Protein chains: 12
Amino acid sequence: MTDHTYKKIELTGSSNVGMQEAIESAVTKASETIQNMRWFEVVETRGHIDNGKVAHWQVTIKVGFTLGV
Amino acid sequence: MTDHTYKKIELTGSSNVGMQEAIESAVTKASETIQNMRWFEVVETRGHIDNGKVAHWQVTIKVGFTLGV
Amino acid sequence: MTDHTYKKIELTGSSNVGMQEAIESAVTKASETIQNMRWFEVVETRGHIDNGKVAHWQVTIKVGFTLGV
Amino acid sequence: MTDHTYKKIELTGSSNVGMQEAIESAVTKASETIQNMRWFEVVETRGHIDNGKVAHWQVTIKVGFTLGV
Amino acid sequence: MTDHTYKKIELTGSSNVGMQEAIESAVTKASETIQNMRWFEVVETRGHIDNGKVAHWQVTIKVGFTLGV
Amino acid sequence: MTDHTYKKIELTGSSNVGMQEAIESAVTKASETIQNMRWFEVVETRGHIDNGKVAHWQVTIKVGFTLGV
Amino acid sequence: MTDHTYKKIELTGSSNVGMQEAIESAVTKASETIQNMRWFEVVETRGHIDNGKVAHWQVTIKVGFTLGV
Amino acid sequence: MTDHTYKKIELTGSSNVGMQEAIESAVTKASETIQNMRWFEVVETRGHIDNGKVAHWQVTIKVGFTLGV
Amino acid sequence: MTDHTYKKIELTGSSNVGMQEAIESAVTKASETIQNMRWFEVVETRGHIDNGKVAHWQVTIKVGFTLGV
Amino acid sequence: MTDHTYKKIELTGSSNVGMQEAIESAVTKASETIQNMRWFEVVETRGHIDNGKVAHWQVTIKVGFTLGV
Amino acid sequence: MTDHTYKKIELTGSSNVGMQEAIESAVTKASETIQNMRWFEVVETRGHIDNGKVAHWQVTIKVGFTLGV
Amino acid sequence: MTDHTYKKIELTGSSNVGMQEAIESAVTKASETIQNMRWFEVVETRGHIDNGKVAHWQVTIKVGFTLGV
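All of the points below concern the structure found in this document. Model, not experiment: these values are computed from the prediction.

Quick word on helix α1 (residues 19–31) of chain E
All names here are of chain E.
Part 1 of the reasoning: Across its 13 residues, α1 extends 19 Å between first and last C-alpha, which sits within 8% of the 18 Å expected from 1.5 Å per residue.
Part 2 of the reasoning: For α1, the complete set of buried residues consists of M19, Q20, A22, I23, A26, V27 and A30. Considered in projection along α1, the buried side chains sweep an arc of 165° and stay on one side of the axis.

Quick notes on the relation of the copies chain K and chain A
The relation between the two copies of this chain is a rotation about an axis and a shift parallel to it.
Part 1 of the reasoning: The transform that puts chain K on chain A rotates by 120° and translates by 0.0 Å along the axis, for an RMSD of 0.0 Å. Taken together, the rotation angle and the small translation identify this as a three-fold axis. In terms of C-alpha distance to the rotation axis, chain K has I9(K) as its closest residue, with the C-alpha 4.5 Å off the axis.

Focus: the relation of the copies chain B and chain A
Part 1 of the reasoning: Take chain B, turn it by 120°, move it 0.0 Å along the axis, and it overlays chain A with an RMSD of 0.0 Å.
Part 2 of the reasoning: Counting the interface residues of chain B, we find that no more than 14% of their copies in chain A are interface residues as well, pointing to two distinct contact surfaces.

A word on the pairing of strand β2 (residues 37–50) of chain A
Part 1 of the reasoning: Where β2(A) meets strand β3 (residues 53–66) of chain A, 12 bridges bridge the pair, whose relative direction is antiparallel. Of the residues in β3(A), the one forming a bridge with M37(A) is F65(A).
Part 2 of the reasoning: With antiparallel pairing between neighbouring strands as the criterion, β2(A) and β3(A) make up a hairpin whose turn holds two residues, including N51(A) at a positive phi of roughly 60°.
Part 3 of the reasoning: Pairing analysis gives three bridges linking β2(A) to strand β2 (residues 37–50) of chain C, with the strands arranged antiparallel. When the sheet's bridge partners are listed, F40(A) is paired in β2(C) with G47(C).

Points about the pattern of salt bridges
Part 1 of the reasoning: Scanning the model with the defined rule gives 62 salt bridges over all chains in all.
Part 2 of the reasoning: With its nearest N and O atoms 3.7 Å apart, the salt bridge here joins K29(E) to E32(E).
Part 3 of the reasoning: One salt-bridge network, held together by shared partners, links E10(C), K8(J), E41(J), K62(J), E44(K) and R46(K).

Topic: the environment of G47(G)
Part 1 of the reasoning: With respect to the element layout, G47(G) can be found in strand β2 (residues 37–50).
Part 2 of the reasoning: G47(G) gets classed as buried once you look at its relative accessible area, which sits at 1%.
Part 3 of the reasoning: Contact partners of G47(G), with chain neighbours within four places excluded, come to H56(G), W57(G), Q58(G), R38(I), W39(I) and F40(I).

Considerations on the packing of aromatic side chains
Part 1 of the reasoning: Inspection of every chain in the model, using the stated rule, returns 24 aromatic pairs over all chains.
Part 2 of the reasoning: Between Y6(H) and W39(H), the ring centres sit 5.5 Å apart and the planes meet at 75°, which makes this aromatic pair edge-to-face. Taken together, the residues Y6(H) in strand β1 (residues 5–15) and W39(H) in strand β2 (residues 37–50) connect sequence positions 33 residues apart.
Part 3 of the reasoning: Among the residues examined, Y6(H) registers a relative accessible area of 8% and is labelled buried.
Part 4 of the reasoning: Relative to W57(L), the ring of F40(K) lies with its centre 5.6 Å away and its plane at 75°, an arrangement referred to as edge-to-face. Here F40(K), found in strand β2 (residues 37–50), pairs with W57(L), found in strand β3 (residues 53–66), and the two come from separate chains. Comparing F40(K) with W57(L) shows no difference in burial state: the two are buried.

Quick notes on the interface of chain B and chain A
Part 1 of the reasoning: The partner chain A presents 14 residues to the 14 residues of chain B that form the contact.
Part 2 of the reasoning: When chain B packs against chain A, close to 1100 Å² is buried across both sides, 64% of that on carbon and sulfur atoms.
Part 3 of the reasoning: The interface formed by chain B and chain A contains zero salt bridges.
Part 4 of the reasoning: Our count for the chain B to chain A interface comes out at five residue pairs in polar contact (both at pLDDT 80 or more).

A word on the interface of chain K and chain A
Part 1 of the reasoning: Contacts between the two partners involve 15 residues from chain K, matched on the other side by 12 residues from chain A.
Part 2 of the reasoning: Summed over both sides, the interface between chain K and chain A buries roughly 1100 Å², with carbon and sulfur atoms accounting for 47% of that surface.
Part 3 of the reasoning: Together, E10(K), T12(K) and K29(K) form the three largest contributors to the area buried by chain K at its contact with chain A, with a combined 45%.
Part 4 of the reasoning: Put simply, chain K and chain A have two salt bridges between them.
Part 5 of the reasoning: E10(K) is the partner of K8(A) in a salt bridge, and the nearest nitrogen-oxygen pair spans 3.6 Å.
Part 6 of the reasoning: Inspection of the region where chain K meets chain A yields five residue pairs in polar contact (both at pLDDT 80 or more).
Part 7 of the reasoning: Where the side of chain K that touches chain A is concerned, the elements lending two or more residues are β1 (5–15), α1 (19–30) and β3 (53–66) of chain K.
Part 8 of the reasoning: As paired elements, strand β1 (residues 5–15) of chain A and β1(K) share four bridges and run antiparallel to each other. Bridge pairing in β1(K) links K7(A) to L11(K).

Describing the arrangement of the chains
Part 1 of the reasoning: Here chain A and chain H are not in contact; the least distance found between their C-alpha atoms is 26 Å.
Part 2 of the reasoning: A minimum C-alpha distance of 15 Å separates chain B and chain I, which share no contact.

Examining the environment of T60(A)
Part 1 of the reasoning: Mapping T60(A) onto the fold places it in strand β3.
Part 2 of the reasoning: Using a relative accessible area of 4% as the deciding quantity, one classes T60(A) as buried.
Part 3 of the reasoning: Among all residues touching T60(A), those that are not within four sequence positions of it are E10(A), L11(A), T12(A), E41(A), V42(A), V43(A), E44(A) and K8(G).

Quick word on helix α1 (residues 19–30) of chain H
Part 1 of the reasoning: Over its 12 residues, α1(H) runs 17 Å from end to end, which matches the ideal 16 Å to within 8%, given 1.5 Å per residue.
Part 2 of the reasoning: Every buried residue of α1(H) is listed here: M19(H), Q20(H), A22(H), I23(H), S25(H), A26(H), V27(H) and A30(H).

Here is what the cut-offs are and how they apply
- Residues numbered from 1 in each chain as written.
- Chains lettered and ligands numbered in written order.
- Predicted model: local features only at pLDDT ≥ 70, side-chain atom pairs only at ≥ 80, totals over all residues.
- Heavy atoms only, no water.
- Helix = DSSP H or I, 4+ residues; strand = E, 2+ residues; numbered from the N terminus.
- Expected span 1.5 Å × (residues − 1).
- Buried < 20%, exposed > 50% of the residue type's maximum accessible area, 1.4 Å probe, protein only.
- Arc of directions from axis to C-beta.
- Least-squares fit on C-alpha atoms with pLDDT ≥ 70 in both.
- Contact = heavy atoms within 4.5 Å.
- Pairing = 2+ DSSP bridges.
- Salt bridge = Lys/Arg side-chain N within 4 Å of Asp/Glu carboxyl O.
- Phe/Tyr/Trp six-rings, centres within 6.5 Å; stacked < 30°, edge-to-face > 60°.
- Buried area = accessible area lost by both parts, 1.4 Å probe.
- Polar contact = N/O pair within 3.5 Å; in protein donor to acceptor, adjacent residues only side chain to side chain.

Just distances and angles here, no functional claims.
Written out as structure tokens, the structure reads:
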């Protein structure tokens, strides 16, 4: 195992289905431009309420990826 | 956008199905008496274990709603 | 209600299905050796990303159980 | 066990006797208007000092009670 | 000094002028229905950005007031 | 002073008398099976409310003890 | 409302006038290269002291913006 | 009310009787050299265990006092 | 750059004008007895409410200064 | 990758040489009885001062290991 | 001193030698693409354990650099 | 063991060699004027970056010492 350097960025994904879908949505969006994503950490879970019901789930995550390999 | 004031209250919802159902249950219960709920933030996730299995999910959220509109 | 003492241990469960399955997996594994588990508290939610998708969910929980009953 | 919803409110009790009395004072005061209180959690402990001695203990707690049963 | 009990509620005030105005706006709004407010504590400061400029300041505070005097 | 290693475990003691009794109860219970306990740190103080009164104090502590001496 | 993904970056703005000016300065600087900024959250407020007076205000904020719209 | 400045210092008091006595011991000791102490805030509660029993309570507090009146 | 040692003290400044004035008031008061103050960090913002209005702003800061130069 | 469960325990290692040696000392001690240790996380760094010099470094870590493989 | 804006990014460096080497490794890697780095703050220290020994140190830092000078 | 009172002060030591040297430098500097220092706790680790390399390590510690013995 060589000495890698990782960068962590903070993303907020949203979904009207649920928490996991919000996380997966953010990871999928990030994969369009970032290679070598390795892990995520949930930072915060929130959501919008509309008309007395949960209308949107929003999950903020940190995503770590290998720098410059 | 006028200068709204929001109040945030803290609720714990429970469900024997899962985390999202616990959150939705708290929001539904609150909607019986509170108008104009706008968002929620997850504060804590816990649960009861019975007979070696998760028997109840309990999620504490803060709910924000517009004051006096 | 007599004066119980509880011990809390920290476990990380993992699952390629989702967050709840990771928690349930840890509780099930712990139930092989621990009697009288009573509750859990979620401490941290993370996961592995492989090929631009969430490949594994990892949830760290504290599990409380009654000591020496 | 049905799916209850709990509300948590934040109170600061005070006493010139001690910490427990400050907590009990807040719980007693709250019981005048709130039914079905179930648990409390200590948030912060402070106090006033007068003439080089502790003159008043102030303990902030969260109190959880069952909503609308 | 008798043994008062205080209740703390959480409010978010907003203003397009600044942080202090957001706090003062929340306090003024609360004063319409709450007597005996005694202090506030800033919990969080946020704001909306519109067209590359800060458009709205939002400050969340806890407000403490004397219960039932 | 040689280079000791300490292990810290997390316990929740309970008492219907008070906070100190809850801590002492947990330490006494732990002393049945653990040798060489050296210190404790209070992590959280909670309690049950029954009939508008504090019925049970619950204090969670970490207990440190010397490993394998 | 479609399922947006937001990215949050951390900036420190500075000003010799005050806290709000430090925040506004960071937002203005960021607007030169970032489109679609939506909100900010204050993380930390500091400053330099020179000759017994506050000489510079430094406020660290997180700025959220819509990814790839 | 004029514009006072307060200084806060951090003290750890100890007692073999209990938590309150540890706090009061620290306040009494501080009163030998500090005038105008106004309030305290509990920061941390710990203790020594000797022979399977709590032998010493140690409470760390912050003490606020008026500067230079 | 030689190896300086800094000391950090905690002060609470107050003002009936605003948050910045409370900070500046604390720094000015401290400058009467402390040389070589270098920076401050905001720890907490609170205030008194009187008659339904903010009457006093109180900001707690840590102030760092060079030791013994 | 199958669905592992990990347990995390909290250890404090000490050394009169330095921080890394305190961590390595705790890991070595734990390896006498625990198989399959996988990672550690630093929780707290402290030390004893004797005669105006650092005499002992104490680092508290959490150690994660695979349960029951 | 003009009104600079700084950006802070989060990096995880790793090393099989030690904590400082992990930090220095992350800073060196970042210097390949980032100009004007000014400071770092340690966020988290972890490591891998292999065969009962620390095999890799991983330190997460935030790095601040001047924007667009 | 009599009932000692300890005071804790906050210091930031710096060194161009490393983290431990920064801590030791702060302890040595403090020993010039403070008797009976007993322990330290690391609060924060930072540093300056110059020309793409770590140029200075800065570690903030709390130092506890016995009051008035």
